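Next come the chains, spelled out residue by residue.
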Amino acid sequence: MPSDQTWNRDGLPAWSYRSSSMFELEKNRVFLNHWHVVGHVNDLREPGDWLSFDLLGERAMVIRGKDGQVRAFHNTCRHRGSRLVEGEQGHCRGAVMCPFHAWVYTLEGELKTPSQPDKFPTLDSTEYGLQPLELETWRGLLFLRFESGPQPSIATMMKRHEQELSVYPLEDLQPTDGLYSSPVVPVNWKAMVDVDNECYHCPSAHPGLTDLYGRSYEEGPWLEGTHRIRGPFNEKPSRRELNQGYRELVSQHPEPFNAMPQAWLYIGLFPVSCLVFYPESAGFYRSIPLDVQTSVMTGATYSYAGESESMRLAREQSALIDGEVMSEDKHVCELHYQATASKYWEKGLLGDSEKALREHHDMLRVLIPELSQRALS
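Summary of the structure given here. As the structure is a computational prediction, the values presented were derived from the model and not from experiment.

**As for the side chain of Thr106**
Working step 1: Relative to the helices and strands, Thr106 resides in the loop between strand E7 (104-105) and strand E8 (111-113).
Working step 2: When its relative accessible area of 19% is taken as the criterion, Thr106 is described as buried.
Working step 3: Discounting chain neighbours no more than four positions away, the residues touching Thr106 are Val96 and Lys112.

Now the structure itself:
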């Protein structure tokens, strides 16, 4: 029977997915002043270990100091603006040295010395130190933002999920293969996130995932900046060999891991981060815009401390399943995004199983009232 629910079913206007003016508003109102997951404290085991995070022309560095504290800074030399560390992850021996003119900073961010100091006046080590960024740690996971914004602390945002997540030993997560990155996808970032905010497409676009858990898919609303999605494994055995082999490995996990929920759990954080919790691993991914019409998905997977052989093999199997899903999502993202170039396509019509998508759009509408316009110049 037709739905009798009454709510605004309009998607975002098509023009907003291709507008450079809109993209500039999103940069300042959505991305730079909201939290983004960047790693785990165990990625930074030793003083001098660092992670980098680039976002829309801004560059961040997260580094462990000699005092053991983890801090975040702009990845920018105070002299001429050179990038200080290159790559996604690495180690600085004793200090951070600019590769351009060899200015040196302590691991705690203070200026140690410019090269050829006799060519400069006396420079205060704090005033000319690295510019700090907001950084929060929640159960070992690291989050940063480039400037203060409307979101509360990560602990406040995650409070409603604490009980469900208490069974996962997140503080002791162990890095596996470092950060991963998808191929560049020729779509606006919103098209990637739209796909992530509903599973109405799962039976048709993800037959393998549906064979694993699609028959009992759970999806909650966006509340206080977070969104919960959970896929309990189907009661009947999986038909696909990859899925059934994975489930058999999960059934072999030793204590206490055999008490983990037999499900894949996802917690989304506005605007583009998602935390992932599996019976054998945990991690995160992010939909990162490169420009108005290209995006990339980046993330990392971590093992649980005390990983058994069955858990290691299950982690490898789940990565294969995820790889299939990522490829399938890329395909439907591109098909959807192509419509936004048409002058005849105005907006989507959302069904009851796509309410979370509408809620994500509504959060964008609050931050960017210009989305109500016919178009931006």
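Having seen the structure, we can now continue with the description.
**Quick word on the sheet that holds E8**
Working step 1: In space, the 3 strands of this open sheet follow the order E6-E7-E8, with antiparallel pairing throughout. Across the chains shown, the open sheet's two edge strands, defined by having one partner strand only, are strand E6 (96-97) and E8.
Working step 2: Inspection of the sheet shows E6 paired to E7 by 2 bridges, in the antiparallel sense. In the strand pairing of E7, Met97 is matched with Val104.

**Some words on the state of the cysteines**
Working step 1: As enumerated under the stated definition, the model contains 1 disulfide in all.
Working step 2: Disulfide pairing is shown between Cys199 and Cys202; the S-S distance is 1.7 Å. An S-S torsion of about -105° defines the bridge between Cys199 and Cys202 as left-handed.
Working step 3: Between Cys92, a free cysteine, and Cys98, which holds the nearest cysteine sulfur, the sulfur-to-sulfur gap is 11 Å.
Working step 4: Cys92 gets classed as buried once you look at its relative accessible area, which sits at 9%.
Working step 5: You can see Cys98 has no disulfide; the closest cysteine sulfur is in Cys77, sitting 3.9 Å from it.
Working step 6: Taking relative accessible area as the criterion, Cys98 reaches 3% and is therefore assigned buried.

**So, the packing of aromatic side chains**
Working step 1: Counting across every chain of the model gives 13 aromatic pairs.
Working step 2: Pairing Phe31 with Trp189 gives two aromatic rings, centres 4.8 Å apart and planes at 80°, and the pair type is edge-to-face. Pair noted here: Phe31 is in helix H1 (residues 20-31) and Trp189 is in helix H4 (residues 189-196), with a separation of 158 residues, a long-range link.
Working step 3: Given a relative accessible area of 0%, Phe31 falls into the buried group.
Working step 4: By relative accessible area, which is 0% here, Trp189 ends up buried.
Working step 5: On the basis of an interplanar angle of 35° and a centroid distance of 6.3 Å, the ring pair of Phe284 and Tyr302 is categorised as tilted. Taken together, the residues Phe284 in strand E16 (residues 281-291) and Tyr302 in strand E17 (residues 294-303) connect sequence positions 18 residues apart.
Working step 6: Its relative accessible area of 1% is what places Phe284 among the buried residues.
Working step 7: Pairwise contacts between aromatic rings join Tyr213, Tyr217, Phe233, Tyr246, Trp264, Tyr266 and Tyr278 into one cluster.
Working step 8: A cation over a ring is seen here: Arg139 above Trp138, with NZ or CZ 6.0 Å from the ring centre.

**A few points about the environment of Trp35**
Working step 1: When you line up the elements, Trp35 lands in the loop between H1 and strand E1 (36-40).
Working step 2: The spatial distance from the C-alpha of Trp35 to the C-alpha of Leu135 is 8.9 Å, given a sequence separation of 100 residues.
Working step 3: Among the polar contacts made by the side chain of Trp35, one reaches the main-chain carbonyl oxygen of Pro152 at a distance of 2.9 Å.

**Quick notes on the pattern of salt bridges**
Working step 1: According to the stated counting rule, one finds 20 salt bridges in the structure shown.
Working step 2: Here Glu164 ties to Arg228 by a salt bridge, and the two come within 2.9 Å at their closest N and O atoms. Within this pair, whereas Glu164 is found in helix H3 (residues 162-165), its partner Arg228 is found in strand E13 (residues 226-232), the two being separated by 64 residues in sequence.
Working step 3: Glu164 gets classed as partly exposed once you look at its relative accessible area, which sits at 28%.
Working step 4: Linked through salt bridges whose partners overlap, the residues forming this network are Glu164, Glu218, Arg228 and Arg230.

**Describing the pairing of strand E3 (residues 58-64)**
Working step 1: Burial within E3 is extensive, with 6 of its 7 residues counted as buried.
Working step 2: As consecutive antiparallel partners, strand E2 (residues 49-55) and E3 are separated by 2 residues, and within that stretch Leu56 has a phi angle of approximately 50°, a positive value.
Working step 3: Across 5 bridges, the pairing between E3 and strand E4 (residues 70-74) is antiparallel. By the bridge assignment, Met61 is partnered in E4 with Phe73.
Working step 4: Taking the residues that link successive antiparallel strands as the turn, the E3-E4 hairpin has 5 residues, and the phi of Gly68 there is positive, at about 90°.

**Observations concerning the packing of H4 against helix H8 (residues 309-338)**
Working step 1: Between H4 and H8, whose axes approach to 9 Å, the crossing angle comes to 120°. As summarised for this structure, H4 and H8 are arranged oblique, according to the angle between their axes. Between H4 and H8 lies a crossing of right-handed hand. Two secondary-structure elements touch here, H4 through Ala191, Met192, Asp194 and Val195 and H8 through Asp329, Val332, Cys333, His336 and Tyr337.
Working step 2: When grouped by side-chain class, the residues that make up the contact of H4 with H8 number 6 nonpolar, 1 polar and 2 charged.

Reading the values: rules and limits
Residues numbered from 1 in each chain as written. Predicted model: local features only at pLDDT ≥ 70, side-chain atom pairs only at ≥ 80, totals over all residues. Heavy atoms only, no water. Helix = DSSP H or I, 4+ residues; strand = E, 2+ residues; numbered from the N terminus. Buried < 20%, exposed > 50% of the residue type's maximum accessible area, 1.4 Å probe, protein only. Contact = heavy atoms within 4.5 Å. Pairing = 2+ DSSP bridges. Disulfide = S-S within 2.5 Å. Phe/Tyr/Trp six-rings, centres within 6.5 Å; stacked < 30°, edge-to-face > 60°. Lys NZ or Arg CZ within 6 Å of the ring centre and 35° of its normal. Polar contact = N/O pair within 3.5 Å; in protein donor to acceptor, adjacent residues only side chain to side chain. Salt bridge = Lys/Arg side-chain N within 4 Å of Asp/Glu carboxyl O. Axes fitted to C-alpha atoms, helices over the stretch in contact; angles between N-to-C directions. Parallel < 35°, antiparallel > 145°, perpendicular 65-115°, else oblique. Left-handed = near helix turned anticlockwise from the far one by under 90°. Nonpolar A, V, L, I, M, F, W, Y, C, P; charged D, E, K, R; others polar.

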